[in-house]
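Descriptive analysis of the structure
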Amino acid sequence: MRSTGFRRTAVMLMASSLALAATACGSSDDDTADGKTRITVNCEPPKSAKVDRSFFDADIKAFEKANPDIDVVAHDAFPCQDPKTFDAKLAGGQMEDVFYTYFTDAKHVVDVNQAADITSYVKDLKSYSTIQQQLRDIYTVDGKIYGIPRTGYSMGLIYNKALFEKAGLDPDKPPTTWEELRADAKKIAALGKGTVGYADYSAQNQGGWHFTAELYSQGGNVVGEDGKKSTIDSPEGKAVLQNLKDMRWSDNSMGTKQLLVINDVQQMMGSGKLGMYLSAPDNIPILVKEKGGNYKDLALAPMPGGKGTLIGGDGYMFNKKATPEQIKAGLKWLEHMFLTPGDGFLGDYARAKQNDAPVGLPEPRLFTGAADAKDQEVKKANANVPVENYQAFLDGNQSLQMKIEPPQAQQIYSVLDGAVSAVLTKKDADIDQLLKDASGKIDSILARG
């Protein structure tokens, strides 16, 4: 899961979820026009996201000028991948030639035989070897490559430095363990006047998502390595629920209003009434541009617990009907748009800064080695946010195990929502029984595939 569909301005979040373009279609025999190779692509920002739309369209025009033998037809959508229509488009063979996917859907697309094997083509993609290996691996199934990562993110802890200071805490020393977080949350909540120390989601599958992140942070897993059995009924799983229950009922540091979702928590943080919550870095500009927050007060730390963090992100795959010429053209387009350090739709930081988009957030961080150094150098030169507020996150992430979301993630999150919401709304919730029941339901989900 992720809070945003595009990576820059928060304005697009005010748009209603638009249906995927009705004209979207997959490859056909008519893949050339006037001697050109024609490719359809998706995830063009909607017209309501004026700045991002202008960037995207300008980058396509520049690409076509540099590659006059390629014609790019973009389809807009918000969100880029709509869960309500994604599987139907797959089954109907209606995907674009180059189509957007979340990391969690990569294997599914391959399993239902709707992705082209691009293994023999990536050798021509100069940037491929510079992408983080763990992200490349997500689109590699049984040794074959089926997609290209576009962005990656990892979960961390957003906290309010101003509230830390008011509570007598060091704003430059965020909690590194769940025990420290609990103690800090209690001190922040003691400020009173509706101040909440720590908030968590517990509805709309978001509680299950955060349970997973908290479980990873303590070294646990949701599903075993073979992908067939739940592993939440464990000491680590019990620790997650016990900690939430204790903060809610013993410490009174989580407030009385529960069954929160992302917008509720963002509103609390933006209004200065919340000390801490789990999130990826992309929440920070939303908190400022939409919720009334201030960049100087918002800092980012690594996941407490010190053992792992949930990672996610997105990329592009290729329609199984795509011709060799379309695959080659699509790879060139991806390199131009997203995979050139310091340039393109995601990397032109100078252009982003000129348009008042935040530059300097610690993620997405896609590359390694010299490519990463180049990307970070250009980002730093154009930074317009307090990058020092995110250094703890960057430093701490170096020692964390990066873990992708579990298979059948949304169904599993729905089950885990019930366990999280129970401990936050029922003082006498039986944690052992909650874990046992949830584990059985997850086993059934995994058995159905």
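What comes next is a walk through the structure.

Okay, the overall build of the protein chain next. On a plain count of helices and strands, the protein chain comes out with 17 helices and 13 strands. Since a compact globule built from 449 residues should have a radius of gyration of about 22 Å, the 22 Å found for the protein chain is in line with a globular shape. By principal-axis analysis of the C-alpha atoms, the protein chain measures approximately 70 × 50 × 40 Å. Here the protein chain holds 449 residues, and 58% of them are scored as buried. The long-range fraction of contacts in the protein chain, counting pairs at least 24 apart against all pairs at least 6 apart in sequence, stands at 77%. Just so you have it, the protein chain exposes about 18,500 Å², and 49% of that area is on carbon and sulfur atoms.

Our focus in this paragraph is the pattern of salt bridges. Within the structure shown, the criterion is met by 18 salt bridges. For Asp297, the salt bridge goes to Lys296, with nearest N and O atoms at 3.2 Å. Among the salt bridges present, the one from Asp348 reaches Arg351, with a minimum N-O distance of 3.7 Å. Both residues of the pair, Asp348 and Arg351, belong to the buried class. Within this structure, Glu44, Arg53, Asp57 and Asp76 form a network of salt bridges that share partners.

Taken together, four strands build an open sheet; the order of strands is β9-β10-β8-β11 and the sheet is mixed. The outermost strands of the open sheet, each flanked by one partner alone, are β9 (196-198) and β11 (298-302). Neighbouring strand axes in the sheet, compared pairwise and without regard to direction, differ in orientation by 25° on average. The sheet contact formed by strand β8 (residues 156-160) and strand β10 (residues 274-279) spans four bridges and is antiparallel. Residue pairing for β10: Ile158 is matched across the bridge by Tyr277. Here helix α9 (residues 262-270) sits on the sheet in contact with β8, β9, β10 and β11, set at roughly 140° to β10.

With that settled, the discussion passes to the nonpolar core. Ranked by internal contacts, the top residues of the largest apolar core, which has 71 residues, are Tyr198, Phe211, Ile232, Leu244 and Met276. Broken down by element, the residue count for this core peaks at nine residues, all from helix α16 (residues 409-425). In terms of nonpolar packing, the next biggest core, distinct from the first, is built from 53 residues, Phe103, Ala115, Leu125 and Ile138 among them.

For the rest of this paragraph, the subject is unusual backbone geometry. Residue Pro364 is bonded to the preceding Glu363 through a cis peptide linkage, with omega at 5°. Examined against the element boundaries, Pro364 turns out to sit in the loop between α13 (349-354) and α14 (369-381). Although it is not a glycine, Lys193 adopts a positive phi angle of roughly 55°. Summarising the element assignment, Lys193 is placed in the loop between α6 (178-189) and β9. Here the phi dihedral of Asp356 falls at roughly 60°; this positive angle occurs in a residue that is not glycine. You can see Asp356 is positioned in the loop between α13 and α14. For Asp356, a relative accessible area of 55% corresponds to the exposed category.

In this section: the packing of α16 against helix α17 (residues 431-448). Between α16 and α17, the shortest axis-to-axis distance is 9 Å and the interhelical angle comes to 170°. Classed by the angle they form, the pair α16 and α17 counts as roughly antiparallel. Every residue of α17 that contacts α16 at Gln411, Ile412, Val415, Leu416, Ala419, Ala422 and Val423 is listed here: Ile431, Leu434, Ala438, Lys441, Ile442, Ile445, Leu446 and Arg448. By residue class, the composition of the contact of α16 with α17 is twelve nonpolar, one polar and two charged.

What follows is about the state of the cysteines. For the coordinates displayed, the defined rule picks out one disulfide. The residue that forms a disulfide with Cys43 is Cys80, at a sulfur-sulfur distance of 1.9 Å. One disulfide, between Cys43 and Cys80, carries an S-S torsion of 55° and so falls in the right-handed class. You can see Cys43 sitting in strand β2 (residues 36-44) and its partner Cys80 sitting in the loop between β3 (70-76) and α2 (83-91), a full 37 residues away along the chain. Like Cys80, Cys43 is buried.

Time to look at the layout of surface pockets. Estimates place the volume of the second largest pocket at around 310 Å³. Forming the walls of the second largest pocket are 17 residues, and the residues nearest its centre are Gln132, Glu363, Arg365, Asn397 and Met402. At the level of elements, α4 (133-136), β7 (147-154), β12 (308-318) and α15 (391-397) are the ones that each hand at least two residues to the lining of the second largest pocket. Looking at the lining of the second largest pocket residue by residue, the class counts come to eight nonpolar, seven polar and two charged.

Checked against the element boundaries, Arg53 lands in helix α1 (residues 50-66). A polar contact is formed between the side chain of Arg53 and the side chain of Glu44, at a distance of 3.4 Å. Those residues in contact with Arg53 that lie beyond four places of it in its chain are Glu44, Pro45, Pro46, Lys47 and Asp76.

The rules we used
- Residues numbered from 1 in each chain as written.
- Predicted model: local features only at pLDDT ≥ 70, side-chain atom pairs only at ≥ 80, totals over all residues.
- Heavy atoms only, no water.
- Helix = DSSP H or I, 4+ residues; strand = E, 2+ residues; numbered from the N terminus.
- Rg over C-alpha atoms; globule rule 2.2 N^0.38 Å.
- Buried < 20%, exposed > 50% of the residue type's maximum accessible area, 1.4 Å probe, protein only.
- Contact = heavy atoms within 4.5 Å.
- Areas by Shrake-Rupley, 256 points an atom, 1.4 Å probe, with all protein chains shown as cover.
- Salt bridge = Lys/Arg side-chain N within 4 Å of Asp/Glu carboxyl O.
- Pairing = 2+ DSSP bridges.
- Axes fitted to C-alpha atoms, helices over the stretch in contact; angles between N-to-C directions.
- Core = buried A, V, L, I, M, F, W, Y, C linked by side-chain atoms within 4.5 Å.
- Parallel < 35°, antiparallel > 145°, perpendicular 65-115°, else oblique.
- Nonpolar A, V, L, I, M, F, W, Y, C, P; charged D, E, K, R; others polar.
- Disulfide = S-S within 2.5 Å.
- 1 Å grid on protein atoms, 1.4 Å probe; cavity = no way out; pocket = protein on both sides within 12 Å on 5 of 7 lines; lining within 4 Å.
- Points joined across faces, edges and corners; volume = space filled by probe spheres on them.
- Polar contact = N/O pair within 3.5 Å; in protein donor to acceptor, adjacent residues only side chain to side chain.

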